[in-house]
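Survey of secondary and tertiary structure
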Amino acid sequence: MGMEALLSPRVLWLLLWVQLCRGAAEVRLEDGGGRCAGRVEVKHQGQWGTVCSDDWDVADAAVVCKQLGCGSAVEDDYMADFGPGSGPIWMDEVDCGGTESALSDCTHSGWGKHDCDHSEDAGVTCSVPRSRGREWGAAGLWQQGRRLRMGMEAVVSPRVLWLLLWVQLCRGAAEVRLEDGGGRCAGRVEVKYQGQWGTVCDDSWDMADAAVVCKQLGCGSAVKAHDQADFGPGSGPIWMSYVGCGGTESALSDCTHSGWGKHNCDHSEDAGVTCSGFVRLVGGESPCSGRVEIRDGDEWKTVCDSDFGPKAADVVCRELQCGAALSVPRAADSGEGLSDVWDRELQCVGNESFLMLCPRGSRRDQPCTHTNAAGVTCTRFRLVNGSTACEGRVEVQVLGTWGTLCASRWDLSDAHVLCRHLNCGFTESIPRGGHFGRGTGPVWRDSFHCDGTEAHLGQCPVTALGASPCSHENDAAVICSGPASSTSLRLVGGGSRCDGRVEIFQHGTWGRVLDDQWDMQEASVVCRQLRCGEAETAYNPPKPQRGTGAVGLRGVRCAGHEASLTLCNTSLPESALAAGIAEDVGVVCWGSRQVRLVNGPGRCAGRVEIYHQGSWGTVCDDGWDLSDAAVVCHQLGCGGAVEAVRSARFGEGSGQIWLDSVNCSGAEAALWECPAGSWGQHDCGHKEDAGVVCSGLCWELWWEPSAQGGHDEGRSSNGRG
């Protein structure tokens, strides 16, 4: 009664969802003829394994059926009734009460601890008929929703009912591929169902259906929907017929059809697709940069730079849904190709939707070599309404539409990466409050989770939340330092933009800095110039981390107060530098400190790790509580703290244990601002590594069931921005 008066239904349901989101091990049933019967397999540490049948009973089977949405347990099978599995045996002596929501919630002897072999693999037969085990289309979901509504209408809000349906929808799409079309973006449509590839009948096959296939494969838009086995007849089962996509589905198996394997066709009616994947960029640092190659018949060919101009570059970027052309470099920067060279000039106007629609010139007389191959760097980002090209309101292109980014989750690390990507140096500031005017179009609330070292925002983990109610008064913006000049510095090879080996930009290229007496005075100048706070360490990198390129600066003496390294004494006599002694130099600045969560079910839960003095280390759980966890969650933009985890529940870390006896009030901006023991001073082992679960984990799993970016690396933050 006390809590009921204090918490709204919305908050109560959020707390319930937090519990549901704590993360259960995946489970599946194999070799039973459908997804609701078979040998029980569970996924642990990224690997599938089986369950021993010691003490296996109907209560255990009931939990498996419930977890899979397969009704109730009909039979608990043992002694490898569905055949012996392979790989590890993850669980033994499982003891469920029958009320658990996942098999991994039940007690057992411990992961990988058993006295069994695969002849004792456990199995389950659930009440959902085997023949209908995978037929969860719109009708199946409607019936499921109707049963839920009849039983729970009085106690569950509509929002939660939709959540339950969403869980079913997110269970995974059938794989799709295109065969015999000369490339992965054209060919006969084949879909994988029950472990077997089969074709799709062309009854009612149209461009909306083809568009979904192209989208699922990341092949741009649909150019043609083929019928009558244009790419040759396939073999094996015909899995789908009378497909009816709206065009907005994310996978072909999300579309309506007559039922798996139900058709009146033969392989002379196999459907096919040609997507707009006529061009590709290879050898670059992302799918949106690199050497330009065009498919000519069954072969990819390099394009000569004299046949490829800025207008053609714009078309390529538009076709690949990569935004606009940032630059048209010589492709030698992306490596020389080995394919033939395309011998036609592309005479694009610049407004074509696809490169294949551009007019083409006659065959060239003079041969073109691979050293003259064309390249493109595209960007989906631009800065608008600034006084220079390196400042302005941040805009991003999504599915051909330019919109702004909401500033609520935009921070310095994200801005640093964008400045670097746009060849604009590093971030000087991120103005708020419509500093560069109001944008137009949608406001995207995509949340980037950069650590500052990425080459472009596409390398950062991202939570894609789509358009938002965020107003244009809160558009993200950035002021970058500007293009590299003769005074520009950068740090390379570190774990952040504020630590690593020092390089200086001179004569149009980056070069190494060598010195024989590098100390904290010089390091202080570098950290100040890069706006990375105070210097923590000045060092000479070990041999594997030394540079190999040109030398930009050899010998420097600073007083420590200079605004840039070039204002120090760099005109040292040769006698001051003994030959062969000067070495590469590096610094670690205070601004390099970061925190991240690793080994959890998402970026907002896991073991706490801190980046300090150039290496990642853990935090001891002595005195670890919700106030400490709250600071970590806030620092990472992960909402509030749900749980302060102790005793290495997210696994033991390695390396340094950086902090012990942390005692936060909960109001600090960064974990290292809390009272604690000295850096590296502790009386702990890694079995005491601290962790956190933040409320943002639930929203991450709600909005992004297939999050981009690896959970193992987690999200890091320097807590500044």
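Remember, it's a predicted structure, so these values are computed and weren't measured experimentally. (Residues numbered from 1 in each chain as written. Predicted model: local features only at pLDDT ≥ 70, side-chain atom pairs only at ≥ 80, totals over all residues. Heavy atoms only, no water.)

**Let's talk about the overall build of the protein chain**
The helix and strand tally for the protein chain stands at 11 helices and 40 strands. A total of 721 residues make up the protein chain; the buried ones form 49% of that total. When contacts within the protein chain are restricted to residue pairs at least 6 apart in sequence, those whose partners lie at least 24 apart make up 70%. (Helix = DSSP H or I, 4+ residues; strand = E, 2+ residues; numbered from the N terminus. Buried < 20%, exposed > 50% of the residue type's maximum accessible area, 1.4 Å probe, protein only. Contact = heavy atoms within 4.5 Å.)

**Overview of the nonpolar core**
Judged by nonpolar contacts, the single largest core of 26 residues is most densely connected at Val189, Val200, Trp205, Val213, Leu252 and Val273. Counting residues per element, the ones that place at least two in this core are strand E7 (176-183), strand E8 (186-193), helix H6 (207-217), strand E11 (238-240) and strand E12 (272-275). When residues of this core are assigned to their parent elements, the largest contribution, five residues, is made by H6. Ignoring any residue separated from it by four or fewer positions in sequence, one finds valine 189 in contact with Val176, Arg177, Leu178, Gly198, Thr199, Val200, Trp205, Val213, Leu252, Ala271, Gly272 and Val273. Ranked by size, the runner-up nonpolar core spans 25 residues in total, among them Cys604, Trp672, Cys674 and Val692. (Core = buried A, V, L, I, M, F, W, Y, C linked by side-chain atoms within 4.5 Å.)

**Describing the state of the cysteines**
Scanning the entire structure with this criterion turns up 18 disulfides. Here cysteine 65 pairs with cysteine 126 through a disulfide, and the sulfurs are 2.1 Å apart. Because the sign of the S-S torsion sets the handedness, a value of about -90° for the bond joining cysteine 65 and cysteine 126 places this disulfide among the left-handed ones. Note that cysteine 65 is positioned in helix H3 (residues 58-67) and cysteine 126 in strand E6 (residues 123-126), a separation of 61 residues in sequence. (Disulfide = S-S within 2.5 Å.)

**What about a negative patch on the surface?**
A cluster of acidic side chains, namely Asp55, Asp57, Glu93, Asp95 and Asp115, defines a negative patch on the protein surface. Assignment of secondary structure puts aspartate 57 in the loop between strand E3 (47-51) and H3. (Patch = residues over 30% accessible without salt bridge, like charges linked within 9 Å, V, L, I, M, F, W, Y side chains within 5 Å. Areas by Shrake-Rupley, 256 points an atom, 1.4 Å probe, with all protein chains shown as cover. Salt bridge = Lys/Arg side-chain N within 4 Å of Asp/Glu carboxyl O. Lys, Arg positive; Asp, Glu negative; His and termini not counted. Charge placed at Lys NZ, Arg CZ, Asp CG, Glu CD.)

**As for the packing of aromatic side chains**
Throughout the structure, instances matching the rule amount to six aromatic pairs. Ring geometry for tyrosine 193 against tryptophan 239: centres 4.9 Å apart, planes inclined by 80°, an arrangement best described as edge-to-face. Residue tyrosine 193 is found in strand E8, and its partner tryptophan 239 is found in strand E11; the two are separated by 46 residues along the sequence. The residues tyrosine 193 and tryptophan 239 share a single accessibility class, namely buried. Pairing tryptophan 658 with tryptophan 679 gives two aromatic rings, centres 6.1 Å apart and planes at 75°, and the pair type is edge-to-face. Residue tryptophan 658 is found in strand E38 (residues 657-659), and its partner tryptophan 679 is found in the loop between E38 and strand E39 (691-694); the two are separated by 21 residues along the sequence. Taking relative accessible area as the criterion, tryptophan 679 reaches 27% and is therefore assigned partly exposed. The structure contains a cluster of three or more aromatic residues connected by ring pairs, namely Tyr193, Trp239 and Trp260. When the ring centre of tryptophan 616 is taken as reference, the NZ or CZ atom of arginine 596 above it lies at 3.9 Å. Over the ring of phenylalanine 650 we find arginine 649; its NZ or CZ atom is 5.7 Å from the centre of that ring. (Phe/Tyr/Trp six-rings, centres within 6.5 Å; stacked < 30°, edge-to-face > 60°. Lys NZ or Arg CZ within 6 Å of the ring centre and 35° of its normal.)

**A closer look at the pattern of salt bridges**
Summed over all chains, the structure comprises 26 salt bridges. The closest approach of N and O atoms between glutamate 190 and arginine 177, which form a salt bridge, is 2.8 Å. Of this pair, glutamate 190 sits in strand E8 while arginine 177 sits in strand E7, and the two are 13 residues apart along the sequence. In this structure arginine 177 comes out as partly exposed when scored by relative accessible area, which is 27%.

**A short note on a nonpolar patch on the surface**
Together, Val223, Met356 and Leu357 make up a nonpolar patch on the protein surface, roughly 240 Å² of accessible area in all. The residue methionine 356 is located in the loop between strand E17 (341-342) and strand E18 (375-379) in this model. By relative accessible area, methionine 356 is classed as partly exposed at 35%.

**Structural notes on the layout of surface pockets**
Where empty space is left in the structure can be found by rolling a water-sized probe over the atoms. Each pocket or cavity is described by its volume, and for the second largest pocket that value is around 1200 Å³. Elements that contribute at least two residues to the lining of the second largest pocket include exactly strand E14 (289-296), strand E16 (324-327), E18, helix H8 (412-421) and strand E27 (489-493). When residues of the lining of the second largest pocket are assigned to their parent elements, the largest contribution, five residues, is made by E27. (1 Å grid on protein atoms, 1.4 Å probe; cavity = no way out; pocket = protein on both sides within 12 Å on 5 of 7 lines; lining within 4 Å. Points joined across faces, edges and corners; volume = space filled by probe spheres on them.)

**Regarding the environment of glycine 261**
With respect to the element layout, glycine 261 can be found in the loop between E11 and E12. Look at glycine 261 and you get partly exposed, because its relative accessible area is 36%. C-alpha separation for the pair glycine 261 and glycine 198, spaced 63 residues apart in sequence, amounts to 9.2 Å. The contacts of glycine 261, once residues within four sequence positions are left out, are Ile238 and Trp239.

**Concerning H3**
Every buried residue of H3 is accounted for by Asp60, Ala61, Val63, Val64, Cys65 and Gln67. Tucked inside the fold, the buried residues of H3 contact strand E1 (27-34), strand E2 (37-44), strand E4 (73-77) and E6. Two residues or fewer past H3, glycine 69 is found with a positive phi of approximately 65°.

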